[in-house]
Amino acid sequence: MARAKKDSDFRYNTGESRVPWAAVGENYNQQDVMEVVKFLMQGDGAVYDARVESVREAVSALAEVSTPPAKLSLDVEVAKCEKKAAEYVGIDDCVFLTNCTAGFEIAYKYVNLQPGDEVIVPAITFIATMAYPLSVGAKVVFCDVDPRTLNMDPDDLAKKITNKTKMVVPVHIGGYPCDMDRIMDIAHTHGALVLEDAAHGFGAKYKGRNIGAIADFTSFSFHEVKNNTSFGEGGILMTTVPEFKSSLRRARFLGVDFSMPPIKDWLYNVAALPGKYGPVVAGNASTTEIQALGLSLQIDRYGKILEERARCARYVTQRLQGVPGVIPQDLGAGGTVPTFHLYQLQIDPAELGGDIQVFKKKLTERGVTNIPHFGPLYRFQILQELGYDADAIAATCPNTEEVFYHRFTHLPIYGLTEEQLDYMIQAIKETAAEMRGSK
Ligand SMILES: *Cc1c(COP(=O)(O)O)cnc(C)c1O
């Protein structure tokens, strides 16, 4: 006999019994669904209102014939998007998390990071790269950057690594792959592991190899400002550490893996994770089915997204080639393929008779947006509060100081029409000519 369907019962439909889930969790209802639709597709005016009304009717009609998803968190959609991401990168497994930073934490915990340990990060990145080491009182060491790519400079890494270094964290800034061969070699020679901050690097290739399948750990971001997004927030962690591969899911949810047979005994089945130097307590970075669905869809069209970014980057770089004093984004070669998350423009201050601050101001006057970009991390207030000496660190990072204050900026490229790209290119050429002229 068909049972009457409760108005609000989209979720945890467990059949006639409606237990156990319906008994413990609140359901969402038609109105909640409609508000999500209206949030995702905003508008106003009579036409919008009329169409919202027709969607409302459709949702209501769907509710009569639909069944709710069994679960909203960590279920089939999460598993599907993990499979897609792993296949995309060509690795056997990965885990979908709340964000990229949560992935870093899992990797840092694996090396049992504690006070007295050292972590080496590039001087130019986002605070997320080093938040966990700072929070546990480990020492963050700033590696100078390669002035051309803004990525970790392996020569400086070789100088700064010590036997206290537990983790080396290259960041593929703007999606341009770091010199992974040298970084891996230097780190492993000193007994340190490598965690790639690949927040900008999903889909990038280093010498023909996919980012994600190279380092000990790689964490990707699907935050809304990245190349693809899982409806606002999300991250994926991959590992090549054999002893940790089977712990990825347990690392996500407090030591428990829901893809394993049902938990019979919570008393004994919740165990610590295997850390490199001892047991590790897992946190909770669980994700929702909706986030996972969003990411799966974007991975399906990710090839097109990357191609469009590459097309815009090529267009701008080719047209800026040979403009005196202007150094366009490196497009990659020898099997190294960037994601062009950011387009990096540099100038030669000597040739233009002024630095990037002047250049940016003139570009803004011509109506070209500046993308705010990553600055030297050692200048952040949080580090002064923790007792780091910014000037002393700056003295060990001369390239960072030079490129940040005098040479580079990021340009918008994605989603621009050819006309808009031409406008921007023209503005860059005019700005450079003007600066050279008044040198
Ligand atoms: C965005 C970003 C992160 C953090 O990603 P979340 O998913 O927001 O945690 C880390 N590193 C860099 C370089 C980033 O740009």
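To be clear, the structure that these remarks concern was listed above.
Peer 1: Is there a simple way to think about the sheet that holds strand β5 (residues 193-198) in this case?
Peer 2: Sheets are built from strands paired through backbone hydrogen bonds, the pairs being either parallel or antiparallel. Taking strand neighbours across the sheet as the criterion, the seven strands line up as β1-β9-β8-β5-β4-β2-β3 in an open arrangement whose pairing is mixed. The open sheet has two edge strands, β1 (95-97) and β3 (139-143), and neither has a second partner. Strand after strand, the sheet turns through a mean of 25° between neighbouring axes, direction not considered. Of the pairings in the sheet, the one linking strand β8 (residues 217-221) to strand β9 (residues 235-239) comprises five bridges and is antiparallel in character. Across the sheet, F220 pairs through a bridge with I236, a residue of β9. Across the sheet, helix α8 (residues 180-189) is in contact with β4 (165-168) and β5; its angle to β5 comes to roughly 145°.

Peer 1: What is the right way to read α8 from this model?
Peer 2: Residues spaced three or four apart along an α-helix face the same direction, because each turn holds 3.6 residues. Turning to α8, its buried residues number three or more, namely M180, I183, M184, I186 and A187. Contact partners of the buried residues in α8: α7 (154-160), β4, β5 and β6 (205-206).

Peer 1: Teacher, can you tell me more about the side chain of T218 here?
Peer 2: Examined against the element boundaries, T218 turns out to sit in strand β8. By relative accessible area, T218 is classed as buried at 0%. Looking at T218, its side chain comes within polar contact range of the side chain of E196, at 3.4 Å. In contact with T218, not counting residues within four places along its chain, are L195, E196, A198, I211, G212, I236, L237 and M238.

Peer 1: Whenever I open this one, the site of the ligand confuses me. Can you help?
Peer 2: Looking at the ligand, there are 15 residues lining it, with T101, D197, H200, S221 and K226 nearest. For the ligand, an oxygen atom lies 2.9 Å from a polar atom in the backbone of C100. Take D197: an N or O atom from its side chain is 2.8 Å from a nitrogen atom of the ligand. Calculation on the ligand without its partners gives an accessible area of 380 Å², and the protein chains cover 93% of this total. Element by element, the count of residues in the shell around the ligand is highest for helix α5 (residues 100-110), at three residues. Grouping the amino acids of the shell around the ligand by side-chain chemistry returns seven nonpolar, six polar and two charged.

Parameters and conventions
- Residues numbered from 1 in each chain as written.
- Predicted model: local features only at pLDDT ≥ 70, side-chain atom pairs only at ≥ 80, totals over all residues.
- Heavy atoms only, no water.
- Pairing = 2+ DSSP bridges.
- Helix = DSSP H or I, 4+ residues; strand = E, 2+ residues; numbered from the N terminus.
- Axes fitted to C-alpha atoms, helices over the stretch in contact; angles between N-to-C directions.
- Contact = heavy atoms within 4.5 Å.
- Buried < 20%, exposed > 50% of the residue type's maximum accessible area, 1.4 Å probe, protein only.
- Polar contact = N/O pair within 3.5 Å; in protein donor to acceptor, adjacent residues only side chain to side chain.
- Near = heavy atom within 4 Å.
- Areas by Shrake-Rupley, 256 points an atom, 1.4 Å probe, with all protein chains shown as cover.
- Nonpolar A, V, L, I, M, F, W, Y, C, P; charged D, E, K, R; others polar.

All we've got here are geometric facts, nothing functional implied.
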